[in-house]
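# Structure assessment
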Amino acid sequence: VEVNSLGIDPSEYLQAFSHFTKCFTNKRLLVCDLQGVFNTNTSPPTIELTDPAIHYASAKGRRAVFGRTDKGRSGMNAFFKTHRCNNICKYLHLSAKNKRWDGNWRQQSSQGTNFHHL
């Protein structure tokens, strides 16, 4: 695993992104099982992902909405059994203890805040 110029392991971005997807979708969806290539030949460096799993918590009880790897709420729970918040999660205030995250993020987003600095 290559570490970028900020000293952050690329897998930390992937873990934080998965965590973010659950928060941003109000706990309805989680994108995980992220794998791919950390490409340092681009500027800025990119992570090229393949074959993600999406777990969807259907309010109507639908199953496997996003294919056979969609395990719904049980898939989300399995992800968070092993997930440990990293510095990126902390920077984005993704902690379960932050009850105001959703409202704060959506308010800033609707005001046209530029999130490129994150």
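Provided above is the structure to which this section pertains.
What you see is a predicted model; the values in this text were computed from it and never measured. (Residues numbered from 1 in each chain as written. Predicted model: local features only at pLDDT ≥ 70, side-chain atom pairs only at ≥ 80, totals over all residues. Heavy atoms only, no water.)

### Here's the deal with the overall build of the chain
Within the chain, the secondary structure is distributed over four helices and four strands. Its helices and strands in sequence order give the chain the pattern α-β-β-β-β-α-α-α, from N to C terminus. A total of 118 residues make up the chain; the buried ones form 31% of that total. Summing over all exposed atoms, the chain offers an accessible surface of approximately 8300 Å²; the carbon and sulfur share of this is 52%. (Helix = DSSP H or I, 4+ residues; strand = E, 2+ residues; numbered from the N terminus. Buried < 20%, exposed > 50% of the residue type's maximum accessible area, 1.4 Å probe, protein only. Areas by Shrake-Rupley, 256 points an atom, 1.4 Å probe, with all protein chains shown as cover.)

### What about the nonpolar core?
Core analysis: the biggest nonpolar cluster contains eight residues, these being Ile8, Ala16, Phe20, Cys23, Ile88, Cys89, Leu92 and Leu94. Secondary structure elements with two or more residues in this core: helix H1 (10-24) and helix H3 (87-91). Here the element with the most residues in this core is H1; it accounts for three residues. In this structure, Leu30, Ala53, Ala57 and Met76 belong to the second largest nonpolar core, which totals six residues. (Core = buried A, V, L, I, M, F, W, Y, C linked by side-chain atoms within 4.5 Å.)

### A word on unusual backbone geometry
In most cases, non-glycine residues show a negative phi, while peptide bonds are predominantly trans. The amide bond that connects Ser43 to the next residue, Pro44, takes the cis arrangement and shows omega of 0 degrees. Within the secondary structure, Pro44 sits in the loop between strand E2 (35-39) and strand E3 (46-50). The backbone of Asp33 sits at a positive phi, close to 55 degrees, despite the residue not being glycine. Tracing the backbone through its elements, the reader meets Asp33 in the loop between strand E1 (29-32) and E2. Its relative accessible area of 45% is what places Asp33 among the partly exposed residues.

### Looking at the state of the cysteines
Scanning all chains against the criterion turns up zero disulfides. The thiol of Cys85 is unpaired, and the distance to the nearest cysteine sulfur, on Cys89, comes to 4.2 Å. Assessed through its relative accessible area of 34%, Cys85 is described here as partly exposed. (Disulfide = S-S within 2.5 Å.)

Honestly, it's all geometry; don't read function into it.
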